[in-house]
Amino acid sequence: MNEMTADFEARDFLAMLGDGRDPETVVFECLASGLADARVASLLAVVGWDDGFDCFAIGGRPRVNAAGAAERIRSAARDLGGSDAIVGTRDGWVVAVLRRQNAVGPEVAATTMADAFADDRPLCLGPLRHGVAGAAETLRGTLYALAAAPAMPDSPRPMRADDLLPERALLGDDAARRELVEAVYGSLDEAGPNDPTMLTVSTFLASGGSLETTAKELSVHPNTVRYRLKRAAESTGWDATDPRDAYVLTTAIALGRIHAARAD
């Protein structure tokens, strides 16, 4: 995924407007570059998006070409009672940010807009987010997930950007790192040092997923380990006994420990 530098915030923003580009194109480039300030909010208002919206992104390779995919996405959004999508391209991917309204939602969009995208390439849904900053996060998360898709060749179609949090973090996605540290690691750590959940999960992962080894290491019964792992899965949304989920948890714990050490 190509990154634009911080200089974009002033020079390139004004240059794009000076070039006569339409507001939607400028908005897409700003959001894709992580810029979500008052100027972007004003441009979104120009195209009919006030700051009170919830939104998500959908993206993939175009079935035929980018223009055709964009028109199909916009047409489907209008048919579902939604506003025109904010559509653009990055690195060959076509990605749209869609406002959630009327029948427009992630699951419906994945069904009705799938024919805009190539069948043999990944199709990704970004997380549901709020406002201008949320629009930037879901768009960038989708782009990072599409770039990371080769790491999960058996991913479902559509895949969800949040299913590739570790891979997105490896590619430098700050939002993915934040989610892993604050939501996943934070859920394991929130009860404090006297709660055995973090120790149990980390020991289980370090043991290669062995209940017996974990139980012996912690001097508890294997059923106690099972109970604690089940409770951890309920709080984090990731099950340490599942190989894929275990990778997510391992990454979250590693990043969380690094973050905690830096904060000391």
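The coordinates are above.
Q: Got a minute to help me understand the overall build of the protein in this structure?
A: Of regular secondary structure, the protein possesses twelve helices and six strands. In terms of overall dimensions, the protein has C-alpha extents of about 70 × 40 × 30 Å along its principal axes. Counting contacts in the protein only where the partners sit at least 6 residues apart, residues at least 24 apart contribute 67% of the total. Accessible area of the protein: about 12500 Å², with a carbon and sulfur share of 51%. For the protein, the separation between the mean place of its 27 positive charges and that of its 39 negative charges on side chains is 2 Å.

Q: Quick question: what am I supposed to make of the side chain of Thr214 here?
A: Relative to the elements of secondary structure, Thr214 occurs in helix α10 (residues 211–218). In terms of polar contacts, Thr214 uses its side chain to reach the side chain of Ser207, at 3.2 Å. Beyond its immediate sequence surroundings of up to four residues, Thr214 is in contact with Thr200, Thr203, Phe204, Ser207 and Val225.

Q: Just checking my understanding: could you explain the nonpolar core for this structure?
A: A general tendency of soluble globular proteins is for nonpolar side chains to be buried together. By size, the foremost hydrophobic cluster in this structure holds 32 residues, and its most contacted members are Leu31, Leu44, Val95 and Leu139. Listing elements by their share of this core, those giving two or more residues are α2 (23–32), α3 (38–46), β1 (54–60), β3 (93–99) and α6 (131–148). The dominant element in this core, judged by the number of residues it contributes, is α6, at eight residues. What Leu44 contacts, discounting residues up to four positions off in sequence, is Val27, Trp49, Phe53, Ile86 and Val132.

Q: Which parts of the structure should I look at to understand the pattern of salt bridges?
A: Note on pairing: side chains with opposite charge can pair once their charged atoms come close. Using the criterion set out here, one finds 17 salt bridges in the structure. With a shortest N-O distance of 2.7 Å, Glu107 and Arg160 are connected by a salt bridge. With Glu107 in helix α5 (residues 106–112) and Arg160 in strand β6 (residues 159–160), this pair connects stretches of sequence that are 53 residues apart. A relative accessible area of 35% means that Arg160 is categorised as partly exposed. When the shortest N-O distance is used, the salt bridge between Arg157 and Asp119 registers 3.9 Å. One end of the pair, Arg157, is in the loop between α6 and β6; the other, Asp119, is in the loop between α5 and β4 (123–125), and 38 residues separate them in sequence. Its relative accessible area of 35% is what places Arg157 among the partly exposed residues.

Definitions and cut-offs
- Residues numbered from 1 in each chain as written.
- Predicted model: local features only at pLDDT ≥ 70, side-chain atom pairs only at ≥ 80, totals over all residues.
- Heavy atoms only, no water.
- Helix = DSSP H or I, 4+ residues; strand = E, 2+ residues; numbered from the N terminus.
- Contact = heavy atoms within 4.5 Å.
- Areas by Shrake-Rupley, 256 points an atom, 1.4 Å probe, with all protein chains shown as cover.
- Lys, Arg positive; Asp, Glu negative; His and termini not counted.
- Charge placed at Lys NZ, Arg CZ, Asp CG, Glu CD.
- Polar contact = N/O pair within 3.5 Å; in protein donor to acceptor, adjacent residues only side chain to side chain.
- Core = buried A, V, L, I, M, F, W, Y, C linked by side-chain atoms within 4.5 Å.
- Buried < 20%, exposed > 50% of the residue type's maximum accessible area, 1.4 Å probe, protein only.
- Salt bridge = Lys/Arg side-chain N within 4 Å of Asp/Glu carboxyl O.

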